[in-house]
Amino acid sequence: MKKEFKGRNVVAGTVQAQSVVSRKGMNTLATFQKSILAKKKTVFGSDQNNEDLYKKEITGKALCLPKTIGSTTGGMVLQSAAALGLAPKAMLFSESIDSIGAAGVILADVWTVHKIVTVDNLGQDFLDYVKDGMTVTVKEDGTVIVE
Amino acid sequence: MLSDYQFKGVKMDYKMKLTEDELAILNGEKGEVMAKVMKSLVMYGDVFNAKRMVEISAPSHFVTSFGISIMKAVFDIMDEINNAGITTIEKFTVDPRPLDYDNVKCNPLEKLVFGIMYGKQEDYEEQLKKTGLKDSNAFSCTCYMEEVGNIPKKGDILSWAESSAVVYANSVIGARCNRNSALIEMFGAILGKVPEFDLLTDEGRKATWVVEVKTSKKPEAQVLGSAIGMKVMSDVPYIKGLDKFIGKELSEQAKDYLKDMGAATASNGAVGLYHVDNLTPEAVELKHALIQENAKVYVIDDAELERVKNSYPIIWKKPDAKPSRCFIGCPHLSYNQLIEWTDRIGRELDKQKKTKVALETIFTSAPDVVAHFKENKEYHERLLSYGVRISSICPLMYMNNPICAKRAVVTNSNKLRTYTTARYYTDEEITSIAVRGDISK
């Protein structure tokens, strides 16, 4: 069943991708660092504290999460992932975006040619509804369609 | 109301109220790179509904100290900044270096991998120097130690990153800093201004959680911080009941405790500020007026701490492996902690009737703090005689080496546990393990 959610654009854009979902805060450094350091072509979550993303593919996905947590290198890690073509296509936050997550998607937008389409404030209903592997379409106005 | 400007021919909307000077920078009057610096900060401020930029009032601290080859995108930005002749307004400090072959021994394979991984270290340090690095000793996550000297005052506005330093500056010192990401903190230091939102405002510093500590004894700082971080995530907690154990004065011991607890709140969650009833500056000044109405309550007792500690996954390949290395000092140890740990190891050696630690044990501390400790010849020689080494590296960056990550490493740092394969033990447990050389009880 198709369901539509409306959020706030942080980095506006149009994109469609399969969802990967973290029910709790994603620690960006812990999640991305192993794959980036190992020069993998795809990021698989490596945060031992996040069973939702652990060993799951993140590159090219619509990453659905409440917020990011952890080290302040997180923004730089996201920007580097974007520059290397390893970032998710979209980051969709149920809550208001946090400062590290916001920095990451802004740095990618301003300083690289790769954009991570980002919408926040999608609400708990969004996070309750979306499951791994669903098709997520993000529209330019911050509308997110999950099916 | 949205305003707009042309950036490289692209129209950008923004909501913040900018001064004429700020708008001129955004419009490229100080060059394209400064315009991008400003654009990043304006977008950042807009996301958080900042109304204006405010001037920073103390030197910055940067989180990125490592020249990892694959972070090319970061080095490219540094090149853009250096090539444009742009520097920070004041000299800054930065997180620890990743390597110290003299004190943290590596086998040839580990060295080979480090050589590839951190192949850009020298180049990156050169970029940092050009940008405004304080000096060659300015590499520590604890820049606020007296010996290091990057110590803000209460009320100072900061552009810092490094989660453990930000939470310390906000909570223990009472300075004002958001949890900035790497690069954003540098942009603020270059511009001399940061967008005003969240922890820079009185409202943003109010607690939305009350944490009631009801343990039977002083909680382990790193487990208490972990429990708080995992529960409140990025919210501000007001901690009651802790002053009973660590006192009502910010003594050196209390500050060390809060440093370690704070680092765990920031890495196991995303805490940027906490208040401790009767102890931290704003809690002393404003008391319960700092707590928002309808704040949630989290009670921490002995059972809760035990539950949190038992929830840490063990990701060693062989859970009962004999450890090969022990790191103590993430975040870096203070001078007083170096003294205390020397005494602690000495007592344990006496207890186990030994003269040297059986496990390769490394204390990590800021270069200037290590220099201070070395002046205390009695303690320094005693520590070396125990077989313990002192280094100023970042253990986390050491553990990023996939070969090192396969080692069975033990630590008393909840931050190191979170980001690496290192296994957490309490101070008491790890002292015993370091001396005995294995994890069996």
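Please read all numbers here as calculations on a predicted model, not as lab measurements.

Rules used in this analysis
Residues numbered from 1 in each chain as written. Chains lettered and ligands numbered in written order. Predicted model: local features only at pLDDT ≥ 70, side-chain atom pairs only at ≥ 80, totals over all residues. Helix = DSSP H or I, 4+ residues; strand = E, 2+ residues; numbered from the N terminus. Rg over C-alpha atoms; globule rule 2.2 N^0.38 Å. Buried ≥ 20, exposed ≤ 12 C-beta atoms within 10 Å, placed from the backbone. Contact = placed C-beta atoms within 7 Å. Pairing = 2+ DSSP bridges. Axes fitted to C-alpha atoms, helices over the stretch in contact; angles between N-to-C directions. Left-handed = near helix turned anticlockwise from the far one by under 90°. Nonpolar A, V, L, I, M, F, W, Y, C, P; charged D, E, K, R; others polar. Expected span 1.5 Å × (residues − 1). Domains from an automatic or database assignment. Parallel < 35°, antiparallel > 145°, perpendicular 65-115°, else oblique.

**Details of the overall build of chain B**
Secondary structure summary: chain B contains 18 helices and 15 strands in total. Over its C-alpha trace chain B gives a radius of gyration of 22 Å, about what one expects of a compact globule, namely 22 Å for 441 residues. Summarising its shape, the C-alpha atoms of chain B cover approximately 70 × 55 × 40 Å along the three principal directions. A total of 441 residues make up chain B; the buried ones form 53% of that total. Contacts in chain B between residues at least 24 apart in sequence constitute 80% of all its contacts with a sequence separation of at least 6.

**Focus on the sheet that holds strand E2 (residues 8-11) of chain A**
Residue and element names in this part refer to chain A. The sheet built from eight strands is open, its strands ordered E1-E10-E9-E3-E5-E7-E8-E2 with mixed pairing. A single partner strand is all that each edge strand has here, and the edge strands are strand E1 (3-6) and E2. Pairwise comparison of adjacent strand axes, ignoring direction, gives a mean angle of 25° for this sheet. Strand direction decides the pairing type here: strand E9 (residues 135-138) and strand E10 (residues 143-146), joined by three bridges, are antiparallel. Considered in E10, the bridge of Val136 is made with Val146.

**Quick look at the pairing of strand E7 (residues 207-213) of chain B**
Residues and elements named next belong to chain B. Strand direction decides the pairing type here: E7 and strand E10 (residues 291-300), joined by six bridges, are parallel. If you follow Glu212 over to E10, its bridge partner there is Val299. Examined bridge by bridge, E7 and strand E8 (residues 237-240) share four bridges and lie parallel to one another. Within E8, the position partnered with Val211 by the bridge is Ile239.

**Considering the packing of helix H3 (residues 99-111) of chain A against helix H2 (residues 32-47) of chain B**
Their axes nearest at 10 Å, the elements H3 of chain A and H2 of chain B cross at an angle of 145°. Crossing angle aside, the handedness with which H3 of chain A passes H2 of chain B is right-handed. The residues of H2 of chain B that touch H3 of chain A, namely those facing Ala102, Ala103, Ile106, Leu107, Val110 and Trp111 of chain A, are Lys36, Lys39, Ser40, Met43, Tyr44 and Val47 of chain B. In the contact of H3 of chain A with H2 of chain B, the residues fall into nine nonpolar, one polar and two charged.

**Digging into H3 of chain A**
Helical geometry: 3.6 residues make up each α-helical turn, so side chains three or four residues apart lie on a common side. Relative to the 18 Å expected for 13 residues at 1.5 Å per residue, H3 of chain A spans 17 Å between its end C-alpha atoms, a close match to the ideal helical length. The buried count for H3 of chain A comes to 13 of 13 residues, which makes it a mostly enclosed element.

**Some words on the sheet that holds E8 of chain B**
Residues and elements named next belong to chain B. Pairing is parallel across the open sheet formed by four strands, whose spatial order is E9-E8-E7-E10. The open sheet is flanked by strand E9 (275-276) and E10, the only strands paired with a single partner. One ladder, built from two bridges, connects E8 with E9; its direction is parallel. Counted as the bridge partner of Ile239 is Val276 from E9.

**Quick notes on the domain arrangement of chain B**
Residue and element names in this part refer to chain B. The domains assigned to chain B are domain 1 (3-48), domain 2 (61-200), domain 3 (203-310) and domain 4 (325-436). Computed over C-alpha atoms only, the centres of domain 1 and domain 2 are separated by 24 Å. Taken together, the contacts link 11 residues of domain 1 with 12 residues of domain 2. Looking at the side of domain 1 that touches domain 2 residue by residue, the class counts come to eight nonpolar, three polar and no charged.

**Examining the packing of helix H8 (residues 221-232) of chain B against helix H12 (residues 302-310) of chain B**
Residues and elements named next belong to chain B. Between H8 and H12, whose axes approach to 9 Å, the crossing angle comes to 85°. Taken together, the axes of H8 and H12 are roughly perpendicular relative to one another. Along its contact with H8, which presents Val223, Leu224, Ser226, Ala227 and Met230, the element H12 presents Glu304, Leu305, Val308 and Lys309.

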